[in-house]
Amino acid sequence: MPPRAPLLHAATAALLVACSGDNGVCGDHVVDPGEACDAAGDGCDAACHLTGATTWTVTRGATNKITDLLDVAVDPDGQIVVLGVSSDWATGEPVHAAWLLALDPAGAEQWQADIPLSAIEFNPGPPKLAVDAGGFIYIQGRSLQRFGPLGEPSWQLAPEDRAFTALTVVDGAVYATGFEISSDGSDNPDRYKFAVHRH
């Protein structure tokens, strides 16, 4: 009978190789070159990098402009889409421009597109952003709007009797939560019903 293979040792070796960092072996309790840490449970991930560490930062601004970022989403390919607004500092004007900015996984700018101000109207809270598997971008504010993979307008839903509060996209379907208001003209609180919509 041939000798039995050392299954335990083989499995352990495979695990260490699977978790290997840039250099050395991740998981051997030795911080090798290219590793920031080497112990589970202390903020160390499976590649021996510190979780929560800042790997890059992108900053932008313009003279006499106030820029706010309202939300961020990441598509399946790792592209980062940011929803932002700009105001004029010199005149104190309210928000006068809304835009989408796309960054690649390393933080390099890919494109920027201006969008209608109606997309970022608060109702009742700040707008939400989501991106589906095809790269289409959804913004939920007072309305629900869809934009193409480069920020081009696609469609808009703006019902008078509905307010959107949250948004997510799963398997090509758009789910929006909020509340609906009946049109009986009264001030009865029963007019307000919570709602979950699938689009």
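Residues numbered from 1 in each chain as written. Predicted model: local features only at pLDDT ≥ 70, side-chain atom pairs only at ≥ 80, totals over all residues. Heavy atoms only, no water.

Peer 1: Sorry if this is basic, but what is going on with the overall build of the protein here?
Peer 2: Each helix and strand counted, the protein has one helix and 11 strands in total. The proportion of buried residues among the 199 residues of the protein is 32%. Accessible surface for the protein amounts to roughly 12100 Å². Of this, 57% is attributable to carbon and sulfur atoms. (Helix = DSSP H or I, 4+ residues; strand = E, 2+ residues; numbered from the N terminus. Buried < 20%, exposed > 50% of the residue type's maximum accessible area, 1.4 Å probe, protein only. Areas by Shrake-Rupley, 256 points an atom, 1.4 Å probe, with all protein chains shown as cover.)

Peer 1: I'm lost on the side chain of aspartate 132 in this one. Help?
Peer 2: Within the secondary structure, aspartate 132 is located in the loop between strand 5 (128–131) and strand 6 (137–140). The contacts of aspartate 132, once residues within four sequence positions are left out, are Asp75, Pro76, Tyr138 and Val169. (Contact = heavy atoms within 4.5 Å.)

Peer 1: Even after reading the chapter, I still don't get the pattern of salt bridges, so can you show me in this structure?
Peer 2: Pairs may arise between side chains of opposite charge once their charged atoms sit close together. Per the stated rule, a full pass over the model turns up one salt bridge. Glutamate 121 is paired through a salt bridge with arginine 142; the nearest N and O atoms lie 3.9 Å apart. Placement of glutamate 121 in the loop between strand 4 (109–115) and strand 5 and of arginine 142 in the loop between strand 6 and strand 7 (144–147) is noted, with a sequence separation of 21 residues between them. Arginine 142 gets classed as partly exposed once you look at its relative accessible area, which sits at 42%. (Salt bridge = Lys/Arg side-chain N within 4 Å of Asp/Glu carboxyl O.)

Peer 1: Would you take a moment to explain the sheet that holds strand 5 for this structure?
Peer 2: Strands pair in a sheet through their backbones, by hydrogen bonds, and they do so in one of two ways: parallel or antiparallel. Ordered by their spatial adjacency, four strands build an open sheet running 5-6-7-8, and the pairing between neighbours is antiparallel. Looking at the sheet topology across the chains shown, the edges are occupied by strand 5 and strand 8 (153–157). Taking each pair of neighbouring strands and ignoring which way they run, the sheet shows an average axis angle of 15 degrees. (Pairing = 2+ DSSP bridges. Axes fitted to C-alpha atoms, helices over the stretch in contact; angles between N-to-C directions.)

Peer 1: Would you explain the sheet that holds strand 9 (residues 162–170) in this entry?
Peer 2: Ordered by their spatial adjacency, three strands build an open sheet running 9-10-11, and the pairing between neighbours is antiparallel. Every interior strand has two partners, whereas the edge strands, strand 9 and strand 11 (192–198), have only one. Each strand axis lies, on average, 15 degrees off the axis of its neighbour in the sheet, ignoring direction. Pairing geometry for strand 10 (residues 173–181) and strand 11, over seven bridges, is antiparallel. Its bridge partner lying in strand 11, tyrosine 175 is registered against arginine 198.

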